[in-house]
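Single-letter residue listing:
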Amino acid sequence: MKLVRYGAAGAEKPGMLDDGGVLRDLSAHVDDIAGNVLSEAGLDKLRAIDPATLPAVEGSPRIGACVGSIGKFMCIGLNFADHAEETGNPFPDHPVLFMKANSAVVGPDDDVSMPRGSTSTDWEVELGVVIGKAAKYVSKEDALDYVAGYCVINDVSERHFQNNLTGTWTKGKSCDTFGPTGPWLVTRDEIPDVQNLAMRLDVNGKRMQTGNTKTMIFTVAEIIEHLSGLMTLHPGDVISTGTPPGVGMGMKPNPVYLNKGDVMELEIEGLGIQRQTVTEDA
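Residues numbered from 1 in each chain as written. Predicted model: local features only at pLDDT ≥ 70, side-chain atom pairs only at ≥ 80, totals over all residues. Heavy atoms only, no water.

A. Molecular detail of the overall build of the protein chain. Secondary structure assignment for the protein chain yields five helices and 18 strands. The 282 residues of the protein chain split such that 55% are buried. A fraction of 74% describes how many contacts in the protein chain between residues 6 or more apart in sequence connect residues 24 or more apart. By element, 51% of the accessible surface of the protein chain is carried by carbon and sulfur atoms, the whole surface being about 11,700 Å². Looking at charge distribution, the protein chain has the averaged site of its 24 positive side-chain charges lying 3 Å from that of its 39 negative ones. (Helix = DSSP H or I, 4+ residues; strand = E, 2+ residues; numbered from the N terminus. Buried < 20%, exposed > 50% of the residue type's maximum accessible area, 1.4 Å probe, protein only. Contact = heavy atoms within 4.5 Å. Areas by Shrake-Rupley, 256 points an atom, 1.4 Å probe, with all protein chains shown as cover. Lys, Arg positive; Asp, Glu negative; His and termini not counted. Charge placed at Lys NZ, Arg CZ, Asp CG, Glu CD.)

B. Broad picture of a nonpolar patch on the surface. Together, Leu97, Met99 and Leu230 make up a nonpolar patch on the protein surface, roughly 240 Å² of accessible area in all. Within the element layout of this structure, Leu97 appears in strand 5 (residues 96-99). By relative accessible area, Leu97 is classed as partly exposed at 33%. (Patch = residues over 30% accessible without salt bridge, like charges linked within 9 Å, V, L, I, M, F, W, Y side chains within 5 Å. Salt bridge = Lys/Arg side-chain N within 4 Å of Asp/Glu carboxyl O.)

C. Up close: helix 5 (residues 220-228). Taken together, the buried positions of helix 5 are Val220, Ala221, Ile223, Ile224, Leu227 and Ser228. Buried residues of helix 5 fall within an arc of 160 degrees about the axis and therefore sit on the same side. Taken together, the buried residues of helix 5 touch strand 4 (73-77), strand 5, strand 9 (125-131), strand 10 (147-154) and strand 16 (238-240). (Arc of directions from axis to C-beta.)

D. Inspection of helix 1 (residues 40-47) at higher detail. Looking at helix 1, one finds that the buried residues are Gly42, Leu43 and Leu46. Angularly, the buried residues of helix 1 cover 95 degrees about the axis, an arc narrow enough to put them on a single face.

E. Fine view of the side chain of Asp202. Relative to the helices and strands, Asp202 is located in strand 14 (residues 198-203). Looking at Asp202, the relative accessible area reads 10%, which means it is buried. A distance of 3.1 Å separates polar atoms of two side chains, one belonging to Asp202 and the other to Arg200. There is a polar contact of 2.3 Å between the side chain of Asp202 and the side chain of Arg207. (Polar contact = N/O pair within 3.5 Å; in protein donor to acceptor, adjacent residues only side chain to side chain.)

F. The arrangement of the nonpolar core in detail. Residues Leu127, Tyr150, Ile224, Ile239 and Leu271 are the most contacted members of the largest nonpolar core, which totals 45 residues. Contributing elements (two or more residues each) for this core: strand 4, strand 7 (112-114), strand 9, strand 10, strand 14, helix 5 and strand 17 (263-268). It is helix 5 that provides the largest number of residues to this core, a total of five residues. In contact with Ile239, other than residues within four places in its own chain, are Met74, Ile76, Leu127, Gly128, Val129, Ile131, Ile223, Ile224, Leu227 and Leu233. Counting 24 residues, the second largest nonpolar core, distinct from the first, contains Val67, Val130, Cys151 and Ile153. (Core = buried A, V, L, I, M, F, W, Y, C linked by side-chain atoms within 4.5 Å.)

G. Inspection of the environment of Ser118 at higher detail. For Ser118, the location among the structural elements is in the loop between strand 7 and strand 8 (121-122). Along the backbone, Ser118 and Pro244 are 126 residues apart, and their C-alpha atoms lie at a distance of 23 Å.

H. Quick look at the sheet that holds strand 9. If you trace the nine strands from one edge of the open sheet to the other, you get 3-2-1-13-10-9-16-4-5, paired in mixed fashion. A strand with exactly one partner marks an edge of an open sheet, and here the two such strands are strand 3 (23-25) and strand 5. Pairwise comparison of adjacent strand axes, ignoring direction, gives a mean angle of 30 degrees for this sheet. The sheet contact formed by strand 4 and strand 5 spans four bridges and is antiparallel. Paired with Gly77 across the strands is Val96, a residue of strand 5. (Pairing = 2+ DSSP bridges. Axes fitted to C-alpha atoms, helices over the stretch in contact; angles between N-to-C directions.)

I. Representation of the packing of aromatic side chains. Counted by the stated rule, this structure contains one aromatic pair. One Lys or Arg, Lys133, reaches over the ring of Tyr146 and ends 4.6 Å from the middle of that ring. (Phe/Tyr/Trp six-rings, centres within 6.5 Å; stacked < 30°, edge-to-face > 60°. Lys NZ or Arg CZ within 6 Å of the ring centre and 35° of its normal.)

J. Highlighting unusual backbone geometry. Backbone torsion omega between Gly182 and Pro183 reads 20 degrees, so that peptide bond is classified as cis. Along the polypeptide, Pro183 turns up in the loop between strand 12 (179-180) and strand 13 (185-187). A cis geometry characterises the amide bond from Lys252 onward to Pro253, with omega recorded as 5 degrees. Within the element layout of this structure, Pro253 appears in the loop between strand 16 and strand 17. At Tyr137, a position not held by glycine, the phi torsion is positive, near 55 degrees. Along the polypeptide, Tyr137 turns up in the loop between strand 9 and strand 10.

Next comes the structure, spelled out in structure tokens:
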């Protein structure tokens, strides 16, 4: 299934795409794409619905983040071998974890607004993993059973805030609008091999990032095993699993960063396309 949240920000409704790509309204069946709706039982309930019996959504509504009421927004840094190489960093011995504030979450096509004082706002196409049931001390062999589905995330990053304002990377990762998520939550049964998905990101029509999840240093299953050994993962938690090469910070001989009016378009195979215009805070 491809699950969607649509409508005005803060008042999104649940929906699903039918086989023809028509958006159908799920609000008679569930309140939101969140929490227990993401459990195996919750998703089975949605699978039992014939999409043709659901009302078609008229017009072209705004698409919101594909998961509502996100609990933890966990991000893995330096997790693609080719990205670690472009940044000059050694491969980590364990997954590098930082957190992104859930107040950064916006829809896949909402504007990304650079904060006051920004000099180095950057792009990062990433695979998002949405947890579907509580996970504690799970093995990598069983880890994917705890996944509800996958989505596209743009881990927008202000590099000066991230690297020069003292503390963890979270400062440069958590600015408002720095977490476009969606357009769809694609349930895991639709993705036969999550470790072989093509990824790309363009800025103003120019290809900046090209990659594939097969170059991850730590697989999705290994990440879940590691994180669940540190904390309980809950339904609706999101893990952003790292980015392939081609970020602005890594451009040679000089970094290239976003400017007002730039347009980012990013896609992961089977998970849909995002498109954001860059603005700036007043």
